[in-house]
Structures are given as structure tokens and as C-alpha cells.
Amino acid sequence: MEKYARFKYQPCIPIGKDGKCATASLEHIRLSREAASEGMVLLKNDNKALPLKKGEKVALFGKATVEYIKGGGGSGDVYAPYVCNILDGFRDKEQEGKVSVYMPLADFYKDYVEKESVNIPTQEQINATWDIVNAMEFCKKRDDMTYDTFASMHVKEPEVPEELIASASEFADTAVFTVSRFSAEGVDRRPIEGDYYLSDVEKNLIDELGKAFKKVIVVINSGAVIDCEYLAENSSVSAVLVGWQGGLEGGSAIADIICGDVNPSGKLVDTIAKSYDDYPCKDDFWECFDHLDYSEDIYVGYRYFETLAKDRVRYPFGFGLSYTSFELSGRVCCESEGSIVAVVNVKNTGSVAGREVVQLYYSAPQGKLGKPARELAAFKKTALLAPGETETVALSFNVNDMASFDDLGKIAKSAYVLEAGKYEFYLGTSVRDAVKFDYEYEVKENTVVRQLTSFCKPFKLSKRMIADGSYEELPIGEESYYYGTNEPSGAKAPEKETPFDKVGSEITMDEFVAQFTLDELLDFVGGQPPTGVANTGCFGGLKRLGVPAVPTADGPAGLRIDEKTGIPTTAWPCATLLACCWNPDTVSKVGAAGGAEVKENNLGIWLTPALNIHRDPLCGRNFEYYSEDPIVAGKTAAAMIRGIQSQKVAVSMKHFACNNKEANRFACDSRISERALREIYLKGFEIAVKEGDPWTVMSSYNLINGQHTSESYELLTGILRNEWGFKGMVTTDWGVKNDPVKEVKAGNDMKMHCGYPEDLKVGYEKGEITRADLELCVKRILDMFTKLD
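Residues numbered from 1 in each chain as written. Predicted model: local features only at pLDDT ≥ 70, side-chain atom pairs only at ≥ 80, totals over all residues. Heavy atoms only, no water.

J.: An account of the sheet that holds strand S30 (residues 729–731) is needed here, citing residue identities and associated values.
T.: Strand order in this open sheet of six strands is S22-S23-S24-S25-S27-S30, and the pairing throughout is mixed. Of all the strands in the sheet, just strand S22 (538–539) and S30 have a single pairing partner and so form its edges. Where strand S25 (residues 650–656) lies against strand S27 (residues 696–699), three bridges are found, and the strand directions are parallel. Following the sheet pairing, Phe656 is matched in S27 by Ser699. Helix H20 (residues 713–723) contacts S25, S27 and S30 of the sheet and is inclined by roughly 150° relative to S30. Strand contacts of helix H23 (residues 771–785): S22, strand S23 (550–554), strand S24 (605–607), S25, S27 and S30, with the helix running at about 105° to S30, the strand carrying the most contacts. (Pairing = 2+ DSSP bridges. Helix = DSSP H or I, 4+ residues; strand = E, 2+ residues; numbered from the N terminus. Contact = heavy atoms within 4.5 Å. Axes fitted to C-alpha atoms, helices over the stretch in contact; angles between N-to-C directions.)

The structure is reproduced here in C-alpha cells:
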């Protein structure tokens, strides 16, 4: 098949094993189930309530028994061939002779969901609501309408008749209650009952189950953290499993763990506090819609709690239980050739096979800049260890990774600095149980390890938190932003018109682009209508020179194709669950499988992964993102990128950057210090760029310190390209209304879902942009095309 034929002609060629389709194949479905069970986190297991004993009788409570939520809403949703709910998973186990399910209770929920589903709005009704919402200026009413519309897409938790609870308890000693939550793009969750907190109906049911059953197992079916106090403090709740949103096989994966076919090995990638009020960003998050002050600075998640509020943690970062036990022994830590190296023996001391996650943290001296008490440096998951088996785990990281960014010039302005003093190291299986090594690494004097430039500085952030919990004042000033210039390539167009597929063999890329007319350049940097099964538009397309229009598709929980195509795809576990695997190998396999589905359907760019930080547990899109920690987020994203792009399809890593709130996301200004920006909110992206080499990056809707990210030369060129060495292209997020002239100047190469060539032409005629600016954007787009297959 000729190069780019998939995009030009849309042939239907299965690429799976034995000539079968890879899309939603049994192989991919099996992988989705395996990944789902690996990332689920067991928080509580009193008296070894789990796993269930063979033949144990169970009563399944909760609407999610039937209406299981496979993933979040919006662009991350997926049309899957089916969804295996909790009941389906347990009925399969019943067929295997492992449990017996009390069916009258299951029938109650099936009848309830069927009856109440008639009140769920139809797609036509939802679309009509979106038309009204999208025509409104952003305000509280619009936000409320969006929240209520998404909430209406699922039935409410019902009250269960007392007699049904009684009859269920006569049949079974064990109750499994699944608590479900749904969130979506475009709106944030709320710190209210029935959302972040349990509702009265849910708490009352737990109380009744505690009275009637010997064991109560609670499963949390949510894409992000919910409050767990009522579960943790309730002695009648025997076990708590965070099942997250596990994709199309989520119900089976939950049953696998509860029945003991899989030993849980997931670990939290977010701190679960005792109350939403304990999160340091709560006041800023809800203060207003037009801006967001990141006044907690670098003290995000466990960096805050382990430094300033250890007693306000219910379940710490990195925590997760197993059905077996592990012993860590023979710990060694040292410096070797500029790296910190830690080695430990991990032995399975229990009675069943299992996996453990070893986590290495460091603590830097406070110095002049101030530091969190703990910071994750490296991690590794063991293989599946049989009882009595030992694995030696080695972890390492570069000494310079412990440097802090000095944005105010207390030591060296705009530089990463290793401050003088002793650096301590901790190793364990969570941030809280990590044990200090005797070894310390000493820096004799303050050392600049990387001198950079001041980019994306704040102008309206008046204060930020420091290590003792107080705040320091920050300088305030008038907004000003830097743009660079681009020099002409000097290349000449060939005398004979030469097509794109000859680039590299008969013509250079510069010479090829020199053939573009001005109008073709102006048009090329804007998105084009979709082709084939794509529903999010295409990059590029110039028939005269044989350049294909490359179709795109949404992610990240699976390949999103319109249901009207009749092509269901694999719904993978949500991003938070995948991060909780703490296993880049698993994530890379998911990426490769997802990338194969993208390729098989003649699509070229998959709009994933998303790796914004879980700054606040109520960000509506947290299910698409990985973690509160940039190391976990960056390593997980890099693994996903490597997997996807191994199939010769491009990722579009998003949303760059600080898209940590959905409300008013097109106009909300993220006001943040340079230090927090670089150490927390850009760090994951930096890791993913350097370790994953994404071929495209998507700028975000929001502003950073007064400037839209798609218009920021400092962010897209100064940091992303010049500092990190990013070689790919940048696209806007879909539907942005920002200035296309400023976007081209900034290095934002593609405007989606459509361009504005007339506006660009006016800018060109005024001298605000040059042909060199346009050619550079086009070349970066075309360079990405050459990597596709």
C-alpha cells in the first residue's frame, strides 16, 4: 500500500491477528480487563474479609450493580460493544462455582434502572440543552445547567425496601455495595452529598447493611477520589475497594479481585484527605470563575499533607493493600556517577502470589527556597511473586532532579538550584511508610544545575504558600509577553511541481514548502473537515501537492468514533486507574493496543494522553488525568505515548498546561508562580517529552498568567521547544477563539477544529506575521506527517 493511502482512500484492512480486526478484539478486551484489575486499589480489608471464600453467597447492592459507569463523559467517552457491569461479573463467577448471587435483589435493581431510565434525557434533548448552554455567556446559571444535565444522564441511587434487605441477609452473609459517581468534561464536581460526599441514601443503606450482614464490602465506581471517612470509620464496613472506572470489562475486573482470582496491587496516585476542606486549594478553586490563584504553590497533594497536615490524611499517596504480605530487606542507597541508586530485596511473605510497588522519595534541605517534606523520585513494580519468592529491585534517579527552581533570585534567578545541605532518602510502599536510609547525599555549596530564562511569570498572583504554611508576597506588575522572530529558510521551490511523497528522496522539506502559495499556507494551518470515520476533523490536506488530510480522533479512554458508524471500540480503564497500576509496561501495552485501533480505522492522530495534575479532587476531568504527582503523571504518559506511537500513529499530548478546572475553561486565568509551574504543572509534560517523544502537543483552553496558552511564545517555543527540545507540532484545543496571528507567532502550528485564513491574511498584510512564520508552522505539521504510516 502506498504511503498515506490510508488517509487518501480509507481502505478497510484489518490489522489484528490472523487477518481479523484489532478493534474491540478479544485480545484487547482481555488486556482492558487485566489493566483494570491491576489498577484497582484495596483501601480497607478488616479481618481478611476479602477475598471471598469459594462458594460464598453474596447480595449485590447499588444501582451500579446494573448501571456500571465505565468512564467519564465528554470527549473521553467511548462507544463500546458492551459494558460488563457488576452483576455480569459476579454471574460469571457464579457459573465458575465461586459465588452464589441473590438474584431477587439484582432483579430489583434491574427493574429500577429500566423504569427510571425513561427519565434520562434523550440525545436529542441533551443536544438541545447544549445549544442553549453554548449560546450563554459563562455564569453560575450556565455552570449549574451543565452540572445538572450531566447528572441527569444516570439514575439516582434508590432506597432499598427493608424486607428486601432482610431476605437478602437470610440468603447471604456478605453484602457488596457499589457506590458510583459520574463526572465529565466542561463542568467540575462539587463538595456536596451525592457527589464528593456520600448521600444520606448511601449512608443509610450502609448502616442497614451493617446491621443485617456479617460482612459489608464497599466498591467505589468513580473516576476520581471521593470522601471515604464514613467508610474508614465505620466498623461495620469490612472492606473498601476503589474500582475506579474500569472500561468495558470493569465489572469483571472487580469480581476478579473480590473473588480472589486477582490479588490487588494498585496504589493510590492521589492523597485521600479526611475532608474536602483539608485540601489547600479548596478556597481558590471555588473563589470565582474568571481566574484561579495557585496560592498553595508547590504544596500540592502529598507535598502539602506530608509537610503541613499529616494528621488530615485518611489514605496516603502510594497506599494500597494486598491479599499477601511483603518484606523489604537489605536496603542500600548510594550515589554513583551522578545518580542516586537504591536497592532493596522484596520478598512475598504471605500465602498467595502478588506484586508490590517500591517507591523512593527524597527530602531536600529547606535552605532559602523551602521544600516539601517528601518528593517522589522513582518507583518500580515487582513481577508477580510466588509465596516465598524474592525479587531484587533497583531504583535510580539523577542527582540534579532534586534541584529547585529559583524564580525570585534568592540564590540564582530563573535557575534550578541544588541548595547546600544534606539530602535524605526514604524507601517504602507508600509516602507514609517509607523508611529513611542512613545514607545522606551532601551538597557542599549552592549549585546551579541548569540556568534558564524567566518565562510565563505571574503578574497578578499576590502570594504563595511556603514550607511553614505561611505565605510570602509576590511582586505584582503590568502584563507583558515576549515573542521571537523566525528567519526565512532561503529554500527555493523546484522548477517542476513536486508532490509530498518525494520529500526526502527528490526534494527537501524546505523546498517542498516553498511551493506553497501564500493562501495555501494560510489555509493549511487551520483544521479541515473530517473524513472517513473521523468526527474531530483533519490536520492538513493540499490536493495540488499530494498532501493528505490526516484524520484525528478523541481519547483518552479509548478510540472515540461516532456510534452512527457502527464501529464499537475498546473502552479502556480511565487514566487514574491506569496510573494506579504504577506499571509503565502495562500502560504501554494499552497504548499499543489503542494505537492499533486508531490505525486500523484509518486515523492518524489520537488526542491523548491527558496529564494535567490532580490539583483539586473536584476537577471534572480528573478521570482523564493521571495523578497529583508529576513524576507518576509524566512516566505514565511517556509509557502511553511510546505504546501508541509504536503503531506509527501520532499522539496529541494534552492539555498544555494548567487545565485544572473545567468551569469557564475558555477564559479562566491560571495565576501561578514560575516555580510551581515548572516543578509541578509542567514537570510531567517535560518528562513525557523527553522520555516519550510525542509527535504533537495540544495547548489548553485556559490562560496562564494572563495569556492564552495557544498564544504564548514563552510556553510553546521558549519552554517546550527551546528548553525541552520538543521537535513536534502544536495544535490548539478544539473551538478556541483566540487570536490566530498571535498563535502562529507563538509556535502554535495548527488551529482546530477550523482555521481563520482571512484573519491571518490581515495580520500578514500588516506585517504582524511573515511567510517565514507560516512556513515554519507548516513544516512542523508536515514533519509529523512523515512519521505516520
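Picking up where we left off.
J.: Describe unusual backbone geometry, and please don't skip the residues or the numbers.
T.: Trans peptide bonds make up most of the peptide bonds, and negative phi angles are found at most residues other than glycine. Across the junction of Lys654 and His655, the peptide omega takes the value -15°, indicating a cis bond. As for its position among the elements, His655 is in strand S25. Note that the residue after Phe656, namely Ala657, is joined by a cis bond; omega there is 5°. Structurally, Ala657 is set in the loop between S25 and strand S26 (669–671). Of note in the backbone geometry, Asn47 takes a positive phi value of approximately 55° without being a glycine.

J.: I'd like a rundown of the packing of aromatic side chains, residues and numbers included.
T.: According to the stated counting rule, one finds 33 aromatic pairs in the structure shown. Ring geometry for Phe405 against Tyr416: centres 5.2 Å apart, planes inclined by 65°, an arrangement best described as edge-to-face. Pair noted here: Phe405 is in strand S15 (residues 404–406) and Tyr416 is in strand S16 (residues 415–418), with a separation of eleven residues, a long-range link. The exposure class assigned to Phe405 is buried, which follows from its relative accessible area of 0%. Between Phe512 and Phe516 the ring centres are 5.8 Å apart and the planes differ by 75°, which places this aromatic pair in the edge-to-face class. A relative accessible area of 2% places Phe516 in the buried class. (Phe/Tyr/Trp six-rings, centres within 6.5 Å; stacked < 30°, edge-to-face > 60°. Buried < 20%, exposed > 50% of the residue type's maximum accessible area, 1.4 Å probe, protein only.)

J.: With reference to specific residues and values, describe the packing of helix H16 (residues 584–600) against helix H17 (residues 630–645).
T.: It is at 6 Å that the axes of H16 and H17 come closest, and there the two elements cross at 35°. Remark: the crossing between H16 and H17 carries right-handed chirality. Only Thr636, Ala639, Met640, Arg642, Gly643 and Ile644 of H17 make contact with H16, whose side of the interface consists of Pro584, Val587, Ser588, Val590, Gly591, Ala592 and Gly595. Split into classes, the residues belonging to the contact of H16 with H17 amount to seven nonpolar, five polar and one charged. (Left-handed = near helix turned anticlockwise from the far one by under 90°. Nonpolar A, V, L, I, M, F, W, Y, C, P; charged D, E, K, R; others polar.)

J.: Explain the side chain of Glu229 to me, using residue names and the numbers behind them.
T.: If you trace the backbone, Glu229 turns up in helix H9 (residues 229–232). You can call Glu229 buried: its relative accessible area is 17%. For Glu229, the residues in contact, after removing those within four places along its chain, are Lys274 and Arg314.

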